[in-house]
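The residues making up each chain are set out below.
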Amino acid sequence: MKKRRTEQYRATQTNQAYLYSNRPFKWFLDLIRPVRGRFLFAQLLDLVFVATSVIPATITGLLVDDVLTDRKLELLPRYLLLLVLIPLARSCIAVVFRYQFESRSQNTVMRIRESLYRHLQNLDASFYGRSRIGDIMSKMTGDVDMIRHFIAYTAFATLESVILFIFGSLYIFTVSWKLALVALLISPAIFILTYRLGRTVRPIWSEIREAFSRLNSVVQQNIAGNRVVRAFARADYEEEKFEKQNVSYRDANMRHNKAAVRFLPALDGLANLLTMPVILVGGILVIRGQLTIGGLVTFNGLLFVLTQPMRMAGNLMNEIQRYAASAAKVVDLFIERPRILQPQDQADKATADDEPFEQKRKASIRGKVEFRDVTFTYGERKGHALQPCLKNINLVAEPGQTIGVVGLTGSGKTSLINLIPRLYDTTFGAILIDDIDVRDYNLQELRRNIGMVMQDVFLFSDTIEGNIAYGVPDIEQEAVLSAARTAAADSFIRKMIDGYDTIIGERGVGLSGGQRQRIALARALVIRPRILILDDTTSAVDMETEHEIQQALARDLTDSTVFIIAHRISSVRNADQIIVLDEGSIVERGTHEELLALRGIYFDVFATQAGLTAEETAALSLEGGAANGTQPL
Ligand SMILES: Nc1ncnc2c1ncn2[C@@H]1O[C@H](COP(=O)(O)OP(=O)(O)OP(=O)(O)O)[C@@H](O)[C@H]1O
Ligand SMILES: [Mg+2]
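Calculation rules
- Residues numbered from 1 in each chain as written.
- Chains lettered and ligands numbered in written order.
- Predicted model: local features only at pLDDT ≥ 70, side-chain atom pairs only at ≥ 80, totals over all residues.
- Heavy atoms only, no water.
- Axes fitted to C-alpha atoms, helices over the stretch in contact; angles between N-to-C directions.
- Helix = DSSP H or I, 4+ residues; strand = E, 2+ residues; numbered from the N terminus.
- Parallel < 35°, antiparallel > 145°, perpendicular 65-115°, else oblique.
- Left-handed = near helix turned anticlockwise from the far one by under 90°.
- Nonpolar A, V, L, I, M, F, W, Y, C, P; charged D, E, K, R; others polar.
- Near = heavy atom within 4 Å.
- Polar contact = N/O pair within 3.5 Å; in protein donor to acceptor, adjacent residues only side chain to side chain.
- Areas by Shrake-Rupley, 256 points an atom, 1.4 Å probe, with all protein chains shown as cover.
- Donors = N, O, S within 2.8 Å, 3.2 Å for Na, K, Ca; no water.
- Buried < 20%, exposed > 50% of the residue type's maximum accessible area, 1.4 Å probe, protein only.
- Phe/Tyr/Trp six-rings, centres within 6.5 Å; stacked < 30°, edge-to-face > 60°.
- Pairing = 2+ DSSP bridges.

**Student:** Run through the packing of helix α7 (residues 133-175) against helix α13 (residues 304-334), naming residues and quoting values.
**Tutor:** In the contact formed by α7 and α13, the axes pass within 7 Å of each other and the chain directions differ by 150°. Here α13 runs roughly antiparallel to α7, going by the angle between their axes. As α7 packs across α13, the resulting crossing turns out to be left-handed. Class assignment of the residues belonging to the contact of α7 with α13 gives a composition of 22 nonpolar, eight polar and six charged.

**Student:** Please set out the site of ligand 1 residue by residue, giving values where relevant.
**Tutor:** Surrounding ligand 1, one finds 13 residues, the nearest of these being Thr-409, Lys-413, Thr-414, Ser-415 and Gln-455. In this structure, a nitrogen atom belonging to ligand 1 sits 3.4 Å away from a side-chain N or O atom of Tyr-378. Contacts to ligand 1 include His-567, whose side-chain N or O atom sits 3.1 Å from an oxygen atom. In isolation ligand 1 has 630 Å² of accessible area, and contact with the protein removes 64% of it. Taken together, the residues of the shell around ligand 1 break down into four nonpolar, eight polar and one charged.

**Student:** Break down the coordination of the magnesium ion (ligand 2) for me, with residues and values.
**Tutor:** The protein atoms donating to the magnesium ion (ligand 2) are Thr-414 (OG1) and Gln-455 (OE1), with metal-donor distances spanning 1.9 to 2.2 Å. Pair noted here: Thr-414 is in helix α15 (residues 413-418) and Gln-455 is in the loop between β8 (450-453) and α17 (464-468), with a separation of 41 residues, a long-range link. The class for Thr-414 is partly exposed, based on a relative accessible area of 26%.

**Student:** Provide a residue-level description of the packing of aromatic side chains, including the pertinent values.
**Tutor:** With the rule as written, the count across this model stands at 15 aromatic pairs. Note on Phe-39 and Phe-101: the rings are 5.6 Å apart at their centroids and 55° apart in plane angle, and the pair reads as tilted. Of the two residues, Phe-39 sits in helix α3 (residues 36-51) while Phe-101 sits in helix α5 (residues 76-122), which places them 62 residues apart along the sequence. For Phe-39, a relative accessible area of 8% translates into the label buried. Since its relative accessible area comes to 1%, Phe-101 is described here as buried. On the basis of an interplanar angle of 90° and a centroid distance of 5.2 Å, the ring pair of Phe-458 and Phe-460 is categorised as edge-to-face.

**Student:** Explain the pairing of strand β5 (residues 402-407) residue by residue, including any values.
**Tutor:** Moving residue by residue along a regular strand, the side chains alternate between the two faces of the sheet. In terms of residue burial, β5 counts as a mostly covered element, since five of its six residues are buried. Relative to strand β10 (residues 561-565), β5 runs parallel, the two sharing four bridges. When the bridges of β10 are listed, Ile-403 appears paired with Phe-563. Note that β5 and strand β11 (residues 577-582) share five bridges and pair parallel.

From the geometry alone we can't say anything about function, so treat these as descriptive.
Below, the structure is given as structure tokens:
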């Protein structure tokens with residue numbers, strides 16, 4: 001428990017921690033490792049590009065001294081040719097290495113997206129339970145793109161500036177060391193300013209990314225919940241909510257701009273100030289004969305080796321902060337760990353006397369399901385453990401049996417059945433299938449044997465056939481039809497314009513709640529599950545159709561163990577065993593007749609649903625209580 005809390009703590013801390021650490025940059029090195037050869041090549045070209053940048057100014061200086069001062073006119077064509085050819089060659093080099101950086105960055109980012117997507121597939125219900133979709137989406141798109149920008153541009157531009165500055169500073173000493181000293185004396189002031197800018201802007205970038213995530217979340221929720229918004233006529237409220245996030249996103253951007261606007265002109269101004277003392281001191285040196293005019297021209301032309309990195313510094317600092325903020329967010333996703341682990345990953349669970357997992361795997365599951373002393377809590381919130389929503393559950397379902405689960409809303413029915421395919425793991429106790437702990441099964445193998453129809457049905461925007469065949473993509477069409485028939489979906493599907501090829505959610509094709517439930521049921525049946533779980537699956541289906549489905553299920557799934565969660569007694573009355581949940585505990589259990597005889601919660605619900613009057617119920621109660629000896633649990 002303690003360990004988990006530290007992990008959570010770490011997860012919330014990482015964003016800040018990453019910003020102020022060098023880990024996003026270590027991560028960057030890891031990212032480019034597979035393509036470092038190409039990067040090195042591109043960087044070398046970049047180096048050539050930077051080194052040759054001093055040539056034009058040097059030639060111009062030579063031109064002034066040799067052609068204008070010394071009148072060696074025959075040299076003019078040669079200098080002019082060089083002045084044309086060298087920049088041309090440099091441009092060609094630039095095209096090659098820029099293309100390399102760009103394409104490497106696209107490939108690298110594609111790999112990030114790929115592994116991020118794969119990672120998302122592995123995360124489990126508890127992660128999705130506490131994450132906002134908009135947040136994940138903005139990490140997958142905006143933040144990942146920021147990383148691409150860093151790889152394609154910022155990283156090499158930074159290196160380029162540093163090299164230009166160092167190489168250029170050394171080079172100007174060869175032209176005139178006195179002038180070089182003057183120019184370099186002004187530089188520290190500029191770097192201090194740049195550093196200060198960086199410190200101001202740094203926290204703002206992460207603020208901007210956060211604001212963007214929140215904005216995305218509002219939009220995503222508004223789109224997903226648009227029917228609720230309309231039904232409750234809350235468009236104004238939603239607009240207000242959006243407005244708030246929109247304003248906060250703008251404000252974060254403005255704060256950043258303010259900081260940038262304050263510093264960038266100063267940087268530019270300072271950089272230009274370099275020219276004045278250089279011309280002044282240079283003029284004196286020329287008058288004294290210590291420097292040629294050409295030398296001064298060259299030096300002035302080379303000032304960009306100092307001013308350009310200085311100008312760039314502020315901007316690059318900015319870009320680096322943006323990268324660090326985005327990388328921190330993406331890394332946050334990457335360090336999310338699934339809590340539901342494959343048996344081979346649960347290293348600490350394995351003890352010496354454990355059988356090898358391979359031996360525990362069975363060719364096929366028979367379908368015995370046992371809850372052994374199960375207590376379950378949905379994690380913790382703000383450091384406090386939540387109340388357990390399942391307490392000491394003991395239950396054995398023999399293969400082929402049907403178990404009915406009833407109970408008030410919120411009593412823990414969904415939580416109970418979510419534990420079987422390990423959407424969550426028990427907090428205490430164990431679930432056993434064929435007497436083997438579910439945690440010892442290969443996850444995919446376990447889930448492939450369990451057909452589940454969830455309470456809130458989700459269908460993909462695909463054809464009806466595609467939806468039904470989701471679990472077994474290469475299934476024969478006959479099997480799809482047969483599953484649809486069992487789920488009493490065949491007849492309404494055939495009536496649709498494109499039948500089984502109808503695409504759900506497109507061109508106005510909508511489905512009723514009961515139709516969606518039946519397609520979801522067919523989807524669960526297609527995998528021919530040994531264990532079938534129906535969570536309120538026929539709640540939106542009329543009683544007659546429900547009866548039809550039940551008969552078909554009894555006929556087709558004789559060997560499967562079936563869990564039926566329902567609010568209608570009619571849905572569970574034929575079950576071999578019915579349990580009544582109340583606040584997470586089993587309070588009554590037995591067959592329909594046994595439970596009626598108990599005259600407890602089940603009986604009350606039955607009486608209400610059967611429309612018995614108070615007198616009739618009371619009369620039945622008296623009669624049953626005396627005649628039946630079944631004890632409540
Ligand atoms: N993801 C979750 N995180 C935290 N608590 C949850 C979560 N899901 C459910 N709960 C809580 O667990 C309890 C049981 O919920 P559960 O969904 O199992 O009820 P249920 O019996 O299926 O209700 P219903 O009949 O309405 O479907 C409730 O108190 C609920 O608030
Ligand atoms: Mg439920």
